[in-house]
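# A look at the structure
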Amino acid sequence: MLLTTIGFFALTGVFIWWHLRGSAPAGTAPPRAPEASRPCARCGASVAFSATYCPGCGIAQQIFEIVGAPTSAPGAAAPGAAPPRALVRADMCVGCGTCVAACPEVGAIVMRGKLAVVDDALCKGHGDCVSACPVSAIAVTTGAAINRIAVPMIDGNFQSNVPGIYIVGELGGRGLIKNAINEGKMAIEHVVAQLPPCEARNDGDPEAFDVCIVGSGPAGLSAGLEALRAGLRYVILEQGSVSDTVRKYPRKKLLLAEPVSIPLYGDLWIADASKETLLEVWGTIIANTGLQVRTGVKVDRVVRDGRFFDVVAEGAHYRARRVVLAMGRRGTPRRLGVPGEETDKVFFDIVEMEAFAGQKVLVVGGGDSAVESALGLANQPNTEVRLSYRGESFARVKARNQDKLNQAIASGLVIPMLRSEVREIRSDVVVMDVEGETMILPNDTVIVRIGGEAPSAFLEKLGVRIVEKDVPMPREVAKVG
């Protein structure tokens, strides 16, 4: 009996041990290592590298790809040892084809629809396409999937190293419209946190604006709408017309393929959108919300004045506690200063050559940008292209442009007008001074390419640091390149 009892308990113990062994977690599997993470650029919360959104503030981390990218030493070699070659950012390319005309290697970069595509076997990494691209969508890399770009130094709230100065949109180095909209909104959210609309301003100037927004592209309009929604005292200054940046995109360019939240409007989702559609929507939003935009007002300078910023534009002074710069990367073009220059037949930048096909076009200027514009227009069917320059020759353009121009002139595609100046622009003609003689020419369009002020110089006068950053190229971009 005793032996039976002992055997029973022993056998039971064996079964219990066997059961516990089988039901326990796999003891041999090593514990999972914690996932690598980095701090959110906006709120500082820990965000896993695989995460799309911050668990703290809910912001999509893709918006901080430039803010969070490492700063490289000036002149330092980019990572990677392979020969340099061009990479095109598919998410920024506007399909203007300027890079194709600028590239000295035939076939190294070509247009496929509205996207520039690089042939690695032919690309020599000259970098002329980088300089020519109007939206900074091309970089030269040495093999690693790195895009080295020069951008203003800003933090996770898009505030620059100058406290109170915010930089959003294309000027900050990012070309996507959805990013520009989000950045403008986030910058104003930070302003609101510092300047609650419900609090009295006891800083000595109750008439000062809480925020002055420079530019009315997607970033500037988004910032303005958020300022209006929050109840800030704001002013928006635009040197051209509303949404000038979008107006210069090619027709039928795909702009939005996913929803983006617009202050005072809600989610905007325009699948397969064209710029015309987006401009129409912007117009509706402005009309419905009552957003005020002062167009035709060029900002000349911004200087610190105690607790305020003095924004000087067209001789007027706008005192503001904060300034949001949303004025794009194309800068301020130099003007001729002649009657008729303000009409809508005059352009200072073109990204869509085919829009001028079949017209009588006068290009003004003697530098590379003017010559490249003339050459691009000369390739459009049934287009008469005249190139006006007040100098004796086009001697200061690059050799490859000189060769192409000589060929175009010899074949009659470009008509050179040296020692000439525009005196007046009318609806259907231009009045020229050619070697001291007045000449009136039939004309549909005038393209003025005589240089301008780069936005980087404007920023440096403000004290904003320009740094070089190594931004990892998105997977789809590396594939395109």
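### Digging into the packing of aromatic side chains
Scanning all chains against the criterion turns up three aromatic pairs. For the pair F64 and F158, a centre-to-centre distance of 6.2 Å together with 25° between the ring planes defines the contact as stacked. Note that F64 is positioned in the loop between β2 (46-48) and β3 (71-72) and F158 in the loop between β8 (146-152) and β9 (165-167), a separation of 94 residues in sequence. You'll find F64 and F158 in the same group, each marked buried. Positioned above the aromatic ring of F209, the side-chain terminus of R233 is 4.6 Å from the ring centre. The side chain of R319 reaches across the aromatic face of F308, ending 4.3 Å from its centre.

### Observations concerning the nonpolar core
Counting residues in hydrophobic clusters, the biggest one holds 63 residues, and the most contacted among them are I165, L237, V302 and L325. Take this core: its biggest share by element is seven residues, from helix α4 (residues 177-194). Among residues more than four places away in sequence, those in contact with V302 are I165, F309, D310, V311, V323, F458 and L462. Counting 20 residues, the second-largest nonpolar core is a separate cluster that includes F356, V363, A374 and V414.

### Observations concerning the pairing of strand β10 (residues 209-214)
Among the six residues of β10, six are classified as buried, and the element is accordingly described as predominantly covered. Taken together, the five bridges between β10 and strand β17 (residues 316-325) define a ladder with parallel strand orientation. The residue bridging C212 from the neighbouring strand is V323, located in β17. The pairing of β10 with strand β11 (residues 234-238) spans four bridges and is classified as parallel. Note that in β11 the partner of V214 across the bridge is L237. Viewed along the sheet, the connection from β10 through helix α5 (residues 218-230) into β11 turns out right-handed.

### Details of the pattern of salt bridges
With the rule as written, the count across this model stands at 15 salt bridges. Between D210 and R201 there is a salt bridge; the shortest N-O distance is 2.8 Å. Judged on exposure class, the residue D210 and its partner R201 are both buried. Taking the shortest distance from any N to any O, the salt bridge between D433 and R423 comes out at 3.4 Å. With D433 in strand β24 (residues 429-434) and R423 in strand β23 (residues 420-425), the pair connects residues that are 10 residues apart, well separated along the chain. Take R423: its relative accessible area is 43%, and that puts it in the partly exposed class. In this structure, a network of salt bridges that share partners links the residues R201, D203, D210 and R321.

### Section: the side chain of K345
Structurally, the position occupied by K345 is in the loop between β18 (332-333) and β19 (346-347). Despite being buried, K345 has no salt bridge partner; D428 is the closest side chain of opposite charge, sitting 6.4 Å away. At a separation of 3.3 Å, a polar atom in the side chain of K345 contacts the main-chain carbonyl oxygen of S427. The residues touching K345, leaving out its near neighbours within four places in the chain, are I425, R426, S427, D428, V429, N443, D444, T445 and V446.

What counts as what
Residues numbered from 1 in each chain as written. Predicted model: local features only at pLDDT ≥ 70, side-chain atom pairs only at ≥ 80, totals over all residues. Heavy atoms only, no water. Phe/Tyr/Trp six-rings, centres within 6.5 Å; stacked < 30°, edge-to-face > 60°. Helix = DSSP H or I, 4+ residues; strand = E, 2+ residues; numbered from the N terminus. Buried < 20%, exposed > 50% of the residue type's maximum accessible area, 1.4 Å probe, protein only. Lys NZ or Arg CZ within 6 Å of the ring centre and 35° of its normal. Core = buried A, V, L, I, M, F, W, Y, C linked by side-chain atoms within 4.5 Å. Contact = heavy atoms within 4.5 Å. Pairing = 2+ DSSP bridges. Right-handed = clockwise from strand over helix to strand, strands pointing away. Salt bridge = Lys/Arg side-chain N within 4 Å of Asp/Glu carboxyl O. Lys, Arg positive; Asp, Glu negative; His and termini not counted. Polar contact = N/O pair within 3.5 Å; in protein donor to acceptor, adjacent residues only side chain to side chain.

The quantities given are spatial measurements derived from coordinates; they are silent on function.
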